[in-house]
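# Summary of the model geometry
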Amino acid sequence: LDKDVAATLVADLVRSGINIKRGAQVKSFDTLGVKKDKTPQESLQNRTPIKLTLEARGGGELPAGYGDKEVLCDAYLAAVGRQPNT
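What comes next concerns the included structure.

Cut-off values and rules
- Residues numbered from 1 in each chain as written.
- Predicted model: local features only at pLDDT ≥ 70, side-chain atom pairs only at ≥ 80, totals over all residues.
- Heavy atoms only, no water.
- Patch = residues over 30% accessible without salt bridge, like charges linked within 9 Å, V, L, I, M, F, W, Y side chains within 5 Å.
- Areas by Shrake-Rupley, 256 points an atom, 1.4 Å probe, with all protein chains shown as cover.
- Salt bridge = Lys/Arg side-chain N within 4 Å of Asp/Glu carboxyl O.
- Helix = DSSP H or I, 4+ residues; strand = E, 2+ residues; numbered from the N terminus.
- Buried < 20%, exposed > 50% of the residue type's maximum accessible area, 1.4 Å probe, protein only.

### A closer look at a nonpolar patch on the surface
- On the surface, V14, I18 and I20 cluster together into a nonpolar patch covering about 230 Å² of accessible area.
- For I18, the location among the structural elements is in the loop between α1 (2–15) and β1 (24–31).

### Looking at the pattern of salt bridges
- The full count for this structure, using the stated rule, is two salt bridges.
- Measuring nitrogen to oxygen at the nearest pair gives 2.3 Å for the salt bridge that ties D12 to R15. Placement of the pair is D12 and R15 together in helix α1, with a separation of three residues, close to one helical turn.
- Judged by its relative accessible area of 36%, D12 is partly exposed.
- Residue classification places R15 among the exposed positions, given a relative accessible area of 64%.
- The partner of K51 in a salt bridge is E70, with the nearest N and O atoms 4.0 Å apart. In this pair, K51 is assigned in strand β2 (residues 50–56) and E70 in strand β3 (residues 70–73), connecting sequence segments 19 residues apart.

Shown next as structure tokens:
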């Protein structure tokens with residue numbers, strides 16, 4: 001059931017214009033043009049792009065022909081897996 005839900009969600013996101021990079025993870029990010037003296041509220045009101053630098057899942061270089069190794073975005077959502085503590 002989870003794979004069916006995930007496939008439907010990915011299809012909807014792609015149709016909405018969201019670019020999903022598979023087999024990659026974020027190596028680093030930089031908030032372009034954000035001044036350090038701004039409050040969090042000021043930063044949210046004047047949203048600036050985020051530059052993500054990608055690497056292969058598990059670390060290392062992305063394969064040749066993968067595409068852009070840097071991505072500009074408005075928002076970045078990271079999901080972290082969990083394991084039961086049993």
